Amino acid sequence: MTGRVLLVDDEPHITRNLEKVIPWEMLGLTVGGTAKNGMEALELLEAQPFDLVLCDIRMPIMDGLELVKHIREKGAECDIIMLSGYQDFAYTRAAIQYGVQDYVLKPIPYDELTGVIARVMSSQRMKQKQLTEERQKLGRMIDLASEKILYDILMDYTELTDSNWMITGDEQAIREQQYALIVLDLDVSSERTKDWREWSDKERKLWNFAVCNVLREKLQQNGFHHAVIQIRDGEWCVLIEVNKSQSYDLTQITDWAEMLLTAVKNHVKLSLYAGIYRDYAPVASLSQAYKLVQQGMQLAPHQETIEVYPNCEAGSSQEDQAFWDTSEKLIGAVKRGDTSAVDAELRRMTQQLQGMNESMIGRFKPMLHFFVLNLMREMKEMGIFSRDQEDLLWRKLDRRFGIKDLLSVILQVTRAVADKSTDKKKQSERSMAEAKQFLDRNLYRDLSVEEAATHVGLSTSYFSLLFKQTFNETFIEYVTRQRMERAKAMLADSHKSVAQIAKEVGYAERRYFTKVFMKYTGDNPTDYRSKHQQLNGGMMD
């Protein structure tokens, strides 16, 4: 890309010589304009941007130093090289104070000036490259933070209220977005996934990580602004940002889903199913949209590779909805370790099934089978079973058997939870206490919920649930709050630089730290320090 240079000198022969003698094309520049004084130059600079200004000091109407002062006051980012026939140091000092990049004496040594221009432009391009990289890095950080917030929104762990300080500043844009929602899921009952069931936890984590990378890379290659959120082992929610004025295009979204399924199959050698939400979902509706798609995928007796949910053609009977509500309550009670609620929901489910005629039971049997699979996956996330117990239950589910057998499996699973509920609660309390200590010790470095969950031996989804229940805030809210409180104390009580404090509380990029700090406190770090160090000094006096 060619830059533009402005030549400013009251002697026309000098600007003509500069135009002809300096190898502008070789330097990546073109002469975009000439001016006889500072006033003319300002008019040109206001009309169009320039990358470099070569300017004489002594000129009528407005001299070079006055011009430079105006340029800097207006915030123009062009570089400036001064030309002068005067060797007075006062001129040089004034030029340096105004941010002039170099100073060349007349008569102009053109070879030397060419070298100076080359050096200045090389430095400018390096700064532009660094700035671009910093902006990209900052963008990735904001995207990552937004992805963590979107996970909490999907799980209904956080609310989009004005008082939620996590959703302000750059992340405020999340509230205004709408998304195409695609759930990708592994059919754990399929013959094709028996190998997956036999893998170790470590192998499955690597596989989940690989699928996430494939999905993100494919979406990035196609220029989508997106989030890939792993919900649990073998299930992801893909959110693709769409323009608010864009009308819903199911064919296009189906093509996107097919593209993602093909990429996973080609690179990871596993076949997934895709459930598409029937409309674009604003952020406030994401949790409900996700639940509707997951409900459809879990309870559909027969599922095509790509399906749209809710399935308006098939509809949903009152019995279907009642069964799903009971299923959700039962799983929620199991995850909380609430044995009385588990028993109550089991009785309700049994009564629902007993009240059905033979044709209805035939329709509900596949739904019940899918529910048992879902329950099994949730229990696996919680680490309820030993490997032998899990294998035994999978073998049972691989066989064809009746309603009573399915209820027997549900009873076995829920009883296993009940037997361990007291121990599990104590273990959960210990895990959360250990997690808190781990986080507080490691606030200085980049922390992910996956790393914290692994440290205490829990799945990411179960860890997130326990964390919210224990501390009444999400993982990202807790970590950010602790970092900000530590930063506030350091700004008020130490003389460390803002960049150093940012690093010590886990932010490698100062600008991103500043954005988060302003969201949390309402002040930028420098202003906060000034206020509180003055206050502390006054109190000490």
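Everything quoted here is computed from the prediction, not taken from an experiment.

Reading the values: the criteria
Residues numbered from 1 in each chain as written. Predicted model: local features only at pLDDT ≥ 70, side-chain atom pairs only at ≥ 80, totals over all residues. Heavy atoms only, no water. Buried < 20%, exposed > 50% of the residue type's maximum accessible area, 1.4 Å probe, protein only. Helix = DSSP H or I, 4+ residues; strand = E, 2+ residues; numbered from the N terminus. Arc of directions from axis to C-beta. Contact = heavy atoms within 4.5 Å. Polar contact = N/O pair within 3.5 Å; in protein donor to acceptor, adjacent residues only side chain to side chain. Salt bridge = Lys/Arg side-chain N within 4 Å of Asp/Glu carboxyl O. Phe/Tyr/Trp six-rings, centres within 6.5 Å; stacked < 30°, edge-to-face > 60°. Lys NZ or Arg CZ within 6 Å of the ring centre and 35° of its normal. Axes fitted to C-alpha atoms, helices over the stretch in contact; angles between N-to-C directions. Parallel < 35°, antiparallel > 145°, perpendicular 65-115°, else oblique. Left-handed = near helix turned anticlockwise from the far one by under 90°. Core = buried A, V, L, I, M, F, W, Y, C linked by side-chain atoms within 4.5 Å. Nonpolar A, V, L, I, M, F, W, Y, C, P; charged D, E, K, R; others polar. Pairing = 2+ DSSP bridges.

Engineer: Describe helix H2 (residues 38–47), listing the residues and the values that go with them.
Structural biologist: Three or more residues of H2 are buried, namely Gly38, Ala41, Leu42 and Leu45. Viewed along the axis of H2, the buried residues span an arc of 100°, placing them on a single side of the element. Turned more than 90 degrees off the buried face of H2, the exposed positions are Glu43 and Ala47. Buried residues along H2 sit in contact with strand S1 (3–8), strand S2 (29–35), strand S3 (52–56) and helix H3 (64–73). Sitting at the amino-terminal end of H2 is Asn37, which places a side-chain oxygen 3.0 Å from the backbone nitrogen of Met39.

Engineer: Could you give an account of the environment of Glu258, with specific residues and numbers?
Structural biologist: Within the secondary structure, Glu258 is located in helix H8 (residues 250–268). Separated by 15 residues in sequence, Glu258 and Tyr273 place their C-alpha atoms 9.7 Å apart.

Engineer: Tell me about the pattern of salt bridges, and please be specific about residues and values.
Structural biologist: Enumeration according to the criterion identifies 13 salt bridges in this entry. Arg348 is the partner of Glu345 in a salt bridge, and the nearest nitrogen-oxygen pair spans 2.7 Å. With a gap of three residues between them, Glu345 and Arg348 both fall in helix H11 (residues 339–354), about one helical turn apart. For Arg348, a relative accessible area of 38% puts it in the partly exposed group. Of the charged contacts in the structure, one is a salt bridge between Glu485 and Lys488, with a shortest N-O distance of 3.4 Å. Here Lys488 and Glu485 lie together in helix H17 (residues 475–493), a separation of three residues that amounts to about one turn. Residue classification places Glu485 among the partly exposed positions, given a relative accessible area of 34%. Here the salt bridges do not stand alone but share partners, grouping Asp9, Glu11, Asp56 and Lys106 into one network.

Engineer: I'd like a rundown of the packing of aromatic side chains, residues and numbers included.
Structural biologist: Applying the stated criterion across every chain yields a total of 13 aromatic pairs. Taken together, a centroid distance of 5.0 Å and an interplanar angle of 65° make the contact between Tyr248 and Tyr280 edge-to-face. Here the residue Tyr248 occupies a position in the loop between strand S8 (235–242) and H8, and Tyr280 occupies one in the loop between strand S9 (273–277) and strand S10 (281–282), the gap between them amounting to 32 residues. We classify Tyr280 as buried; its relative accessible area is 6%. With a centroid separation of 5.7 Å and 40° between ring planes, the pair formed by Phe463 and Phe467 is classed as tilted. With Phe463 and Phe467 both in helix H16 (residues 460–471) and four residues apart, the pair spans about one turn of that helix. In this structure Phe463 comes out as buried when scored by relative accessible area, which is 0%. According to the relative accessible area criterion, Phe467 is buried, its value standing at 0%. In textbook terms, an aromatic cluster arises when at least three aromatic residues are bridged by ring pairs, as seen for Phe463, Phe467, Phe471, Phe475 and Tyr478. Above the plane of the ring of Phe50 lies Arg4, whose end atom (NZ or CZ) is 4.6 Å from the centre. It is Arg483 that lies over the ring of Tyr507; its NZ or CZ is 5.3 Å from the centre.

Engineer: An account of the packing of H2 against H3 is needed here, citing residue identities and associated values.
Structural biologist: Pairs of packed helices are described in terms of their axes, by the angle between the two and the distance that separates them. At a closest axis distance of 9 Å, the pairing of H2 and H3 adopts a crossing angle of 25°. As summarised for this structure, H2 and H3 are arranged roughly parallel, according to the angle between their axes. Crossing of H2 against H3: the hand is right-handed. Within the contact between the two elements, H2 uses Gly38, Ala41, Leu42 and Leu45 and H3 uses Leu67, His70 and Ile71.

Engineer: Report on the side chain of Gln177, specifying residues and quantitative values.
Structural biologist: Inspection of the secondary structure puts Gln177 in the loop between helix H5 (110–154) and strand S6 (178–185). Of the polar contacts made by the side chain of Gln177, one reaches the side chain of Glu241; its length is 3.5 Å. Beyond its immediate chain neighbours, meaning those up to four positions away, Gln177 contacts Glu241, Ala281, Pro282 and Val283.

Engineer: Tell me about the side chain of Gln178, residues and numbers included.
Structural biologist: Positionally, Gln178 belongs in strand S6. A distance of 3.1 Å separates a polar side-chain atom of Gln178 from the backbone oxygen of Asn243. In this structure Gln178 touches Ile240, Glu241, Val242, Asn243, Lys244, Gln246, Tyr280, Ala281 and Pro282, once residues within four positions along its chain are discounted.

Engineer: Residue-level account of the nonpolar core, with values.
Structural biologist: Formed by 43 residues in total, the largest nonpolar core has its most connected members in Leu154, Leu181, Leu239, Leu286, Leu439 and Phe463. If near-sequence neighbours (up to four positions away) are discounted, Leu181 is found in contact with Leu154, Cys237, Val238, Leu239, Gly275, Ile276, Tyr277, Leu286, Ala289, Tyr290 and Val293. By size, the runner-up hydrophobic cluster in this structure holds 32 residues, among which are Leu215, Ala257, Met259 and Val268.

Engineer: Lay out the packing of H17 against helix H19 (residues 510–521) in plain terms, naming residues and giving numbers.
Structural biologist: With their axes 10 Å apart at the nearest point, H17 and H19 run at an angle of 95° to one another. Looking at the two axes, H17 sits roughly perpendicular to H19. Residues Thr480, Arg481, Met484, Glu485, Ala487, Lys488 and Leu491 of H17 touch H19, and the partners they reach there are Phe513, Val516, Phe517, Tyr520 and Thr521. The class makeup of the residues in the contact of H17 with H19 is seven nonpolar, two polar and three charged.

Engineer: With reference to specific residues and values, describe the sheet that holds strand S4 (residues 79–84).
Structural biologist: The strand order S2-S1-S3-S4-S5 describes an open sheet built from five strands, whose pairing is parallel. Across the chains shown, the open sheet's two edge strands, defined by having one partner strand only, are S2 and strand S5 (102–105). For this sheet, the mean inter-axis angle between neighbouring strands, taken without regard to orientation, is 20°. Here six bridges tie S1 to S2, and the two strands are oriented parallel to one another. For Arg4, the partnering residue across the bridge sits in S2 and is Thr30.

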